[in-house]
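This is what each chain is made of:
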Amino acid sequence: LKREILLNGDMGIIHKNRFNKPINTYDEEIRQDIASTYRKNYKGMNFTQFSKVIQEEKGYTMSRSTIYNILRQKRIRSPQRKREY
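These notes cover the structure that comes with them. (Residues numbered from 1 in each chain as written. Predicted model: local features only at pLDDT ≥ 70, side-chain atom pairs only at ≥ 80, totals over all residues. Heavy atoms only, no water.)

### Here we look at the nonpolar core
In terms of nonpolar packing, the biggest core is built from 13 residues, with I34, Y38, F50, M62, I67, L71 and I76 touching the most fellow members. Secondary-structure elements contributing two or more residues to this core are helix 2 (28–41), helix 3 (47–58) and helix 4 (64–73). Setting aside anything within four residues of it in sequence, one finds I76 in contact with A35, Y38, R39, F47 and L71. (Core = buried A, V, L, I, M, F, W, Y, C linked by side-chain atoms within 4.5 Å. Buried < 20%, exposed > 50% of the residue type's maximum accessible area, 1.4 Å probe, protein only. Helix = DSSP H or I, 4+ residues; strand = E, 2+ residues; numbered from the N terminus. Contact = heavy atoms within 4.5 Å.)

### Overview of helix 3
Across its twelve residues, helix 3 extends 16 Å between first and last C-alpha, which sits within 8% of the 16 Å expected from 1.5 Å per residue. Those residues of helix 3 not exposed but buried are F47, F50, S51 and I54. Down the axis of helix 3, the smallest arc covering the buried residues is 100 degrees, so these residues share one side. When the buried face of helix 3 is taken as reference, the exposed residues oriented beyond 90 degrees from it are K52 and E56. (Expected span 1.5 Å × (residues − 1). Arc of directions from axis to C-beta.)

### A short note on the packing of helix 3 against helix 4
Between helix 3 and helix 4, the shortest axis-to-axis distance is 9 Å and the interhelical angle comes to 110 degrees. When the axes of helix 3 and helix 4 are compared, the pair comes out roughly perpendicular. Side by side, helix 3 and helix 4 meet where F47, T48, F50, S51, I54 and Q55 of the first sit next to R64, I67, Y68, L71 and R72 of the second. (Axes fitted to C-alpha atoms, helices over the stretch in contact; angles between N-to-C directions. Parallel < 35°, antiparallel > 145°, perpendicular 65-115°, else oblique.)

Scope: geometric values only; no functional claims are made or implied.
What follows is the structure, given as structure tokens:
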């Protein structure tokens, strides 16, 4: 660590893989497509049903939880959460 700090300064102790994008992330275009499709055509459908429909229609191979996370990151809440019993 001392040698790395002397040679490279503060960048010597930062992990070398820090600035690389993880291999299992989806492009922003795909994320936007999923969010806009939900907002335009499927608003009010719960996320589990939407994930089944989007997998069949668009051929996405991502899991339900991944689609859920994408929609939550785009500030879309599940309508099931708001339902009164």
